[in-house]
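Listed below, chain by chain, are the residues.
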Amino acid sequence: LEGGFTKAPFDVLGDTLRGTKEIMMDLIRRPDEVLEACERLTPLMIKGGVRFCRETGNPLCFIPLHKGADNFISQKQFDTFYWPSLRKVCIGLIDQGVVPILFAEGSYNSRLETISDLPGGKVIWYFDRTDMKRAKETVGKTSCIMGNVPLDLLYSGTPDEIRKYVKELIEIAGTDGGYIFSTGAGIQGTKVENIRAMLEAAREF
């Protein structure tokens, strides 16, 4: 699907340069340095995403969001440390003709109003565990939304349960368009009959 890849500046720090334990302590001990680091990383993340997309000829740039979920940092921390630099990355990509696909891993229910602040029709929000009714009513007013068929349902549910879930999801998220049907994550370890039921239900509804 995607032609390029980049990351949120905060995730570059938290995933690799500092690590999870250290970045959480940094938020308390040296917040100004975290903000400065995110600012310095921002143009690099834009440049990398644009380069990948131009090399592949595909304008879709995948951005997995690792440490911005509801239960990872507070809303104040998200608004202060995570979102401002991520938003700048998105704007920088958009200005270069790139379409960010933001993979919101985990739940983003408390973030929906904040992340709606992006240019209309320019990004795709790929949700994992977010309330899609609320996502449709907020982010979905300006951006395409995607995903949210849960991996655990595909792994342990029945075909009838999956069919019911898919129907409800499409009725909620697909109203008036602007929704790409997809699982909320990968399909590793899931049952073949459940994948078949999901695809058949998607085609029907």
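First, a word on what this report is: a plain description of the structure on this page. Residue positions are given per chain, counted from 1 along the sequence in the order it is written. It should be noted that, the model being predicted, local features are given only for residues of pLDDT at least 70 and side-chain atom pairs only at 80 or more, the latter also being counted only at that level, while totals for whole chains, interfaces and linings use all residues. Only hydrogens and water are set aside when side-chain values are computed; all heavy atoms of the structure are taken into account.

At 3.6 residues per turn, the α-helix brings residues three or four places apart onto the same side. Burial classes: relative accessible area under 20% of the type maximum marks a residue as buried, over 50% as exposed, and values in between as partly exposed (1.4 Å probe, protein chains only). Secondary structure elements follow DSSP: runs of H or I no shorter than four residues count as helices, runs of E no shorter than two count as strands, and numbering proceeds from the N terminus. Among all positions in helix H2 (residues 20-29), only Ile23, Asp26 and Leu27 are buried. Along the axis of H2, the buried residues cluster in a sector spanning 105°; they form a single face. Facing away from the buried side of H2, by more than 90 degrees, are the exposed residues Lys21, Ile28 and Arg29. Contacts are assigned to residue pairs that have any heavy atoms within 4.5 Å of one another. Looking at the packing, one finds that the buried side of H2 touches helix H1 (9-17), helix H3 (31-56) and helix H4 (75-95). By definition, the arc is the one covered by directions from the helix axis to the C-beta atoms.

Tracing the backbone shows Pro64 in strand S2 (residues 60-65). Residue classification places Pro64 among the buried residues on the basis of a relative accessible area of 6%. Expressed as a C-alpha distance, the spacing of Pro64 and Arg134, which sit 70 residues apart in the sequence, is 21 Å. Not counting chain neighbours up to four residues away, the residues in contact with Pro64 comprise Phe5, Thr6, Asp11, Phe103 and Glu105.

Now for the packing of aromatic side chains. For Phe, Tyr and Trp, rings pair up if their centres lie within 6.5 Å, where Trp contributes its six-membered ring, and each pair is then called stacked (planes under 30 degrees apart), edge-to-face (over 60) or tilted (otherwise). Applying the stated criterion across every chain yields a total of nine aromatic pairs. Measuring from centroid to centroid gives 6.3 Å for Trp83 and Trp125, while their planes differ by 35°, and the two rings are tilted. Of the two residues, Trp83 sits in helix H4 while Trp125 sits in strand S4 (residues 124-127), which places them 42 residues apart along the sequence. Judged by its relative accessible area of 6%, Trp83 is buried. For Trp125, a relative accessible area of 0% translates into the label buried. Geometrically, the ring pair formed by Tyr108 and Trp125 is tilted, given 6.5 Å between the ring centres and 45° between the ring planes. Of this pair, Tyr108 sits in the loop between strand S3 (99-104) and helix H5 (112-115) while Trp125 sits in strand S4; the two residues are 17 residues apart in sequence, bridging distant segments of the chain. Comparing Tyr108 with Trp125 shows no difference in burial state: the two are buried. Through a chain of ring-to-ring contacts, three or more aromatic side chains come together here, namely Phe10, Phe78, Tyr82, Trp83, Tyr108, Trp125 and Phe127.

Now for the sheet that holds strand S6 (residues 179-180). In a beta sheet, neighbouring strands are held together by backbone hydrogen bonds and run either parallel or antiparallel to one another. The pairing criterion is simple: DSSP has to find at least two bridges between the two strands. With parallel pairing, six strands are arranged side by side in an open sheet as S1-S2-S3-S4-S5-S6. Pairing within the sheet leaves two strands with one partner each, and these edge strands are strand S1 (4-5) and S6. Note that S1 and S2 share two bridges and pair parallel. In the sheet register, Phe5 faces S2, and the bridge partner there is Phe62.

The subject of this paragraph is the nonpolar core. Counting residues in each nonpolar core, the largest one holds 53 residues, and the members touching the most others are Trp125 and Phe127. Top contributing element to this core by residue count: H4, with nine residues. Discounting chain neighbours no more than four positions away, the residues touching Phe127 are Ala104, Tyr108, Leu112, Ile115, Met132, Ala135, Val139, Ile145, Met146, Gly147, Asn148 and Gly184. Buried Ala, Val, Leu, Ile, Met, Phe, Trp, Tyr and Cys residues that are joined via side-chain atoms within 4.5 Å together make up what is termed a nonpolar core. In terms of nonpolar packing, the next biggest core, distinct from the first, is built from seven residues, Phe62, Ile101, Phe103 and Ile124 among them.

Bringing H3 into the picture now. Taking 1.5 Å of rise per residue, the 26 residues of H3 would be expected to cover 38 Å, and the 37 Å separating its terminal C-alpha atoms lies within 8% of that figure. Of all the bends in H3, the greatest reaches close to 30° and is centred on Leu41; the proline Pro43 follows between one and four positions later. Buried residues in H3 make contact with S1, H1, H2, S2 and H4. Looking one or two places after H3, you find Gly57, whose phi comes out positive at around 75°. Each helix should span, by expectation, one fewer than its residue count multiplied by 1.5 Å. The bend reported for a residue corresponds to the angle between axes fitted to the seven residues ending at that residue and the seven starting there.

Time to look at the packing of H1 against H2. Comment: axis = line fitted to C-alpha atoms, over the contacting stretch for helices; angle = value between 0 and 180 degrees taken between N-to-C directions. At their nearest, the axes of H1 and H2 sit 6 Å apart, and the two run at 125° to each other. The angle between the axes of H1 and H2 places the two elements in the oblique class. In contact with Phe10, Leu13 and Gly14 of H1, H2 contributes Thr20, Ile23 and Leu27. Residues of the contact of H1 with H2, tallied by class, amount to four nonpolar, two polar and no charged. Each angle gets one of four labels, with under 35 degrees taken as roughly parallel, over 145 as roughly antiparallel, 65 to 115 as roughly perpendicular, and the rest as oblique. As a working rule, the residues Ala, Val, Leu, Ile, Met, Phe, Trp, Tyr, Cys and Pro are called nonpolar, Asp, Glu, Lys and Arg charged, and the rest polar, with Gly in that last group.

The subject of this paragraph is the state of the cysteines. A pair of sulfur atoms, both from cysteines and within 2.5 Å, is called a disulfide here. What the rule picks out here adds up to zero disulfides. You can see Cys90 has no disulfide; the closest cysteine sulfur is in Cys61, sitting 8.9 Å from it.

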